[in-house]
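# Chain and residue survey
The lines below spell out each chain.
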Amino acid sequence: MSKDVKDYLHLLDKPLDEFEAPGARNSTLGEDALWHVLYSLGQDNTYLNKRKAYWGLVLAVRDRMLEKWTAVQRKYYANDDKRLYYLSLEFLPGKFLRGNLLALGLENEAHEFLHEHDLSLDEIVDEECEPGLGNGGLGRLASCYMDSMATLGLPAYGYGIRYSYGLFRQEIRNGHQVEQPDNWLHEGSHWLIPRPHNLFPIRFYGTVNEWLDDDGMLRHDWRGGDLVMAMANDMYVPGYRNGHVNSIRLWEARPHKEFVLSSFNAGDYIGSVQEKISDENISMVLYPSDDAPEGKTLRLKQQYFFVAATMRDMVRRFKKLNKPWDQLPEKNVVQLNETHPAIAIPELMRMLLDEELLGWEEAWCICQKLFAYTNHTILPEALETWPVKLIERLLPRHMQIIYEINRRFLEEVRLHFRDEPELPSRVSLISAGPEQRVRMSHLAIVGSFSVNGVSSLHTQILKDRVFHDFIRIFPDRFNNKTNGITPRRWLRQCNVPLSWLLSEHLGCNWITDLTQLKKLRELVDDVEFRHDWEQCRLTNKKRLADYIEKVNGITVNPHSIFDVQVKRFHEYKRQLLNILHIISLYNNIRRNPDVKMQPCTFIFGGKAAPSYQMAKDIIYLINCVARRVNSDPHTRNFLKVIFLANYNVSLAQLLVPATDVSEQISTAGYEASGTGNMKFALNGALTIGTRDGANIEIGERVGDGNIYLFGLCEKEVLALRRRGYDPWEFYKNDSELREVLDMINSDQFTPGDSTAFSSIFNSLLTGGDPFMVLADYRAYVETHKRISHEYVDRDLWIKKSIMNTAGMGYFSSDRAVKEYIDGIWSLEPDV
Ligand SMILES: *Cc1c(COP(=O)(O)O)cnc(C)c1O
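What counts as what
Residues numbered from 1 in each chain as written. Predicted model: local features only at pLDDT ≥ 70, side-chain atom pairs only at ≥ 80, totals over all residues. Heavy atoms only, no water. Helix = DSSP H or I, 4+ residues; strand = E, 2+ residues; numbered from the N terminus. Rg over C-alpha atoms; globule rule 2.2 N^0.38 Å. Buried < 20%, exposed > 50% of the residue type's maximum accessible area, 1.4 Å probe, protein only. Polar contact = N/O pair within 3.5 Å; in protein donor to acceptor, adjacent residues only side chain to side chain. Contact = heavy atoms within 4.5 Å. Near = heavy atom within 4 Å. Areas by Shrake-Rupley, 256 points an atom, 1.4 Å probe, with all protein chains shown as cover. 1 Å grid on protein atoms, 1.4 Å probe; cavity = no way out; pocket = protein on both sides within 12 Å on 5 of 7 lines; lining within 4 Å. Points joined across faces, edges and corners; volume = space filled by probe spheres on them. Nonpolar A, V, L, I, M, F, W, Y, C, P; charged D, E, K, R; others polar. Core = buried A, V, L, I, M, F, W, Y, C linked by side-chain atoms within 4.5 Å. Domains from an automatic or database assignment. Buried area = accessible area lost by both parts, 1.4 Å probe. Salt bridge = Lys/Arg side-chain N within 4 Å of Asp/Glu carboxyl O.

Right, let's talk about the overall build of the chain for a bit. Within the chain, the regular secondary structure consists of 34 helices and 22 strands. In terms of overall dimensions, the chain is globule-like: its C-alpha atoms have a radius of gyration of 28 Å, near the 28 Å expected for 831 residues. The C-alpha extent of the chain, read off along each of the three principal axes, is 95 × 70 × 60 Å. When the 831 residues of the chain are sorted by exposure, 61% land in the buried category.

Here we take up the side chain of Q565. Assignment of secondary structure puts Q565 in strand β17 (residues 561–566). In terms of polar contacts, Q565 uses its side chain to reach the backbone carbonyl oxygen of K573, at 3.2 Å. Not counting the four nearest positions on each side in its chain, Q565 is found in contact with K573, R574, Q575, N578, I603, F604, G605, E663 and I665.

We now examine the site of the ligand. Around the ligand sit 14 residues in total, of which K567, K573, T675, G676 and K679 are the nearest. Here an oxygen atom of the ligand sits 2.7 Å away from a polar atom, N or O, in the side chain of K567. Contacts to the ligand include K573, whose side-chain N or O atom sits 2.8 Å from an oxygen atom. Taken by itself the ligand offers 390 Å² of open surface, and the protein chains cover 95% of this. Every element with two or more residues in the shell around the ligand is listed here: α7 (137–151), α25 (649–655) and α26 (676–682).

If you roll a probe as big as a water molecule over the atoms, it shows you where there is empty space left. Overall, the coordinates contain five cavities of 30 Å³ or more when judged by the stated rule. The space that makes up the largest cavity amounts to roughly 270 Å³. Lining the largest cavity are 21 residues, and of these P93, N100, D147, V237 and R489 sit closest to its centre. Among the elements of the structure, α4 (97–104), α7, β8 (226–238) and α20 (487–493) are those that each provide at least two residues to the lining of the largest cavity. When grouped by side-chain class, the residues that make up the lining of the largest cavity number 12 nonpolar, five polar and four charged.

Bringing the side chain of T805 into the picture now. If you trace the backbone, T805 turns up in helix α33 (residues 794–807). Owing to a relative accessible area of 0%, T805 belongs among the buried residues under this scheme. When residues no more than four places from it in sequence are discounted, the contact partners of T805 are L517, L520, W533, A681, L682, N683 and G684.

If you look at the biggest cluster of nonpolar residues, it comprises 148 residues, and the most contacted ones within it are L87, L97, M149, F305, L348, F371 and W825. Once you skip the residues sitting within four places of it in the chain, M149 turns out to touch L84, Y86, L154, A156, N246, V817 and W825. Counting residues in each nonpolar core, the second largest holds 67 residues, with V641, L686, L741 and I744 among its members.

Another aspect to go through is the domain arrangement of the chain. Domain boundaries assigned for the chain yield domain 1 (326–481) and domain 2 (488–817). Distance between the C-alpha centres of domain 1 and domain 2: 38 Å. Contacts between the two partners involve 12 residues from domain 1 and, on the opposite side, 14 residues from domain 2. When the two sides are added together, the surface that domain 1 and domain 2 hide from each other amounts to roughly 970 Å², 62% of it contributed by carbon and sulfur. Viewed at the interface, domain 2 and domain 1 are joined by one salt bridge. For the pair domain 1 and domain 2, the number of links is four residue pairs in polar contact (both at pLDDT 80 or more). Residue composition of the side of domain 1 that touches domain 2, grouped by class: five nonpolar, five polar and two charged.

This is the structure:
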C-alpha cells in the first residue's frame, strides 16, 4: 500500500472533545511526557532516547486514565450501580501502550510527539515488557472480556494475582525447550499502581473454635495459624473512546510482620528474613500448567489468598452503602473464571456466618444468587480436586463449611431422587476412595446460579456427559456463552493495513460493532478491493518474514503459503498431526524433485508445561524436522519449517495478520472453544480444522465453502473408541503414514540416535493413540492437498479470505460480554 499512515488515521480517530473531561488538560501528551521524564524519572529531558520517550509517554497516558478512572469510580457510587467482579487466576493483557493510546484516542498525538524527537511508535513499543500473567487461552479471554466491559461502560472489576514472575520465557537450544524466568517487573511497571493502603490480612492453617454465645447461638471462630498481607496493585483498562476506565486489581503477598522481632533480637537475622521470604512466595510465580492443575499446596494458597482479599474488598465497598445483606447479590455479581477461584464460595459463607452472624439459610441464599461459574475444559485430568486432608489443614473452617454445604445438598438430592441411590455419591462435592478429595467443579455448580460452557459443542458436552447428573438437579442453571475476542487488539491494533482498508470502505464503526464486517460480502467481486486486500496481506507477511529472518536466521518466501499453528503444546491440540503431514510432504517432494507445488512455510509456536515430557518431545521433533527440511537443497524452495520461540501475545499480534492457513486441529470434543481460531479467521486466514469447539460455529458463519473442516466429529470419536480403536490398522493400511512413523522411530531426524522419539512412536501405536492422530491422518493430508490446489487460484482464495473476515463479526468479545450481561449478570452499562 502506497498510502501514508496519516491518510488513514483520520478515519480511525473520532473527535475526542466530547469525551474529554472539560478543562481537564491544557497540556499536550508530549508536553506531559517531557514533564514526567524530568519530574517523575529524574532524567534530562532536553534530549530523548527510546527508553525515556517510552516511560514519559506511559506516565502521561496513565495520568489521563487515572482522571477518568476516579471519575468513573465516583459515578458508580453516585448511581448506586450493580458491580461485576471477574475473578481469574490469570490475565494475559499483552503490551499496553499502543492499545491504551488507541482507546484514549491519543495515537495521533503520540505519533506527532515521537516524530518531533525522531522516534517512532513502532520502535518505542519494543521497550515494553509483556506481562505474562497467564498460560494461554483462559487468561487471554479474561483480558479480552475486560476490554469489552470497559468499552461497554460496565461497572466491572477484574481480580487476580500480581505474580512477580509470569509464565517462563521459552528458549530453544539444540531443538529443546529451555525455560527461563520471566522477571517482568525488573524495571518496574508504571502500568501497575501499588495501593499500599488497600491491605488485608489473610489467614492460613490455624484452628476453629466453637462456642455458644449469650443468645445460645453456636459460633465459630477461625484463629491462629499464619497471616499474610494481601496488597492491591491496580492495572487500568480504558474503554474504546468512551471516557470509561476500569481496573484489574492484582493482589501481591506481603509479609505480615516486617521481621519477627523476637528471633531478630535473638540474633537469628537470616531466619527472620527467611520467614518474610516464604510469605511473599505466595504471589511469586504463576503455575505454568495449562489445562492440568498442579496439586501443590502453594497453588491452593494462591487461590485462597486472592479470593479472600477480593471478597473482603467487595464487602468493604458494599458496607459503604449501608444496605441489608440480602441486597448483596442485587448490587454485585461474581463471575468465576474456571474453578480456580471457587473457594470464594465457602469463604463468603464463612464471612457471613462467622463475622456477620447471618444464619445458614440466609447466607447460602446470598451466595447462590451471587456466584456464576464458567467452565473451560472437559479434560478429565483438568477437573480440579483437592485432598480433603489438605483443605482441612490449610483452611479448617472452609472444610467444615464445604461438608455442611454437601450434607444439605445431598439431603435434597436424596429427597427428590428417591429411586436413584447411586446419584448422591456421583454428585457429591467429595469423592470417595482411598484419598477423599473435594471436587471444585461440583462446589462451583452447587454454589452458583449460573454455569456456562464456552461454545455450543462444549456446553452440549457438559450437559450430555460431564455434568449430566446436575442438569437434572438444576435444569435452569446451565447455559452457553460462546467465547469472543476483542476487535481492538485482534484487528485494529495488530493489523493496521487491513484496518485502514476496512475503515476506508465501511467507516470506522466496525471497531465497536464488529457485525458491520458483513458488509464486506458486497465487496468480494470488486477487483480493485481484492487487489488491495491481497496487498495488505502481503505487507503483513513480509513483516513476519523479516522477523523470521532476524530471529531464526532463515529466509522464507512471502509468496509461499504461511501455514501457522501457534498455541500451547498439548497432545489433544495435535501438533503431532501437523508435523506428520509435513514429513510426508517432505518425502513426496524428495521422491518427485520436479513436482509443481505451491511453496509452503509451516510455522509453529507455543510453550509446553515444564513437567509435560510428551509435549516437550513434540517440540523437539518439530525442531529436528525443521533442521533437516530447511537444509535439504532438494526441498528448500518448496518447504520451510519454522519454530518461533516464546509464543506470547506480542508474537500472536505479529503472526495472526500474516497467516494464510490457520491450524485448529484438536481431537473433536477436546477443545472447549479456542480463541486463536477466531483471531486468525477475523484477519482473513482460512481455517483447516476439526469439528471441535468454536470451529463449528466459525464454519456456520463464514460458510462451508470458506473453511476446511475434516476428520472425525465428536460422536465419531466416541463411537470409534467404544468399538475399539486400533491405531495399528492405520499403520498397516497406509504406506505413506507407515513411512513417516518409521522415520520417527529411526535416526533420520537425529543422526546417531534412533530412540529420540520412541516415546512419540509408542504413544501413537502401542499406547493406543489416545487422541486419534492416526485416525484423522488421511483426511488431514487430503484436505491439505485441496488447500494447496485452491491457494493457487488467487481470485478464489482472496474471496474466501474476505468472506472469513466478513463472517467473523459474531466472535467479538463485545457480543459475548453482552450475552453475559443479558443472560447472567443483569447489569446496566454506566456511560
Ligand atoms: C489467543 C491466545 C491463546 C489461545 O489460543 P488457542 O489456539 O485458542 O489455544 C494462547 N496464547 C496466546 C498468547 C494467545 O494470544
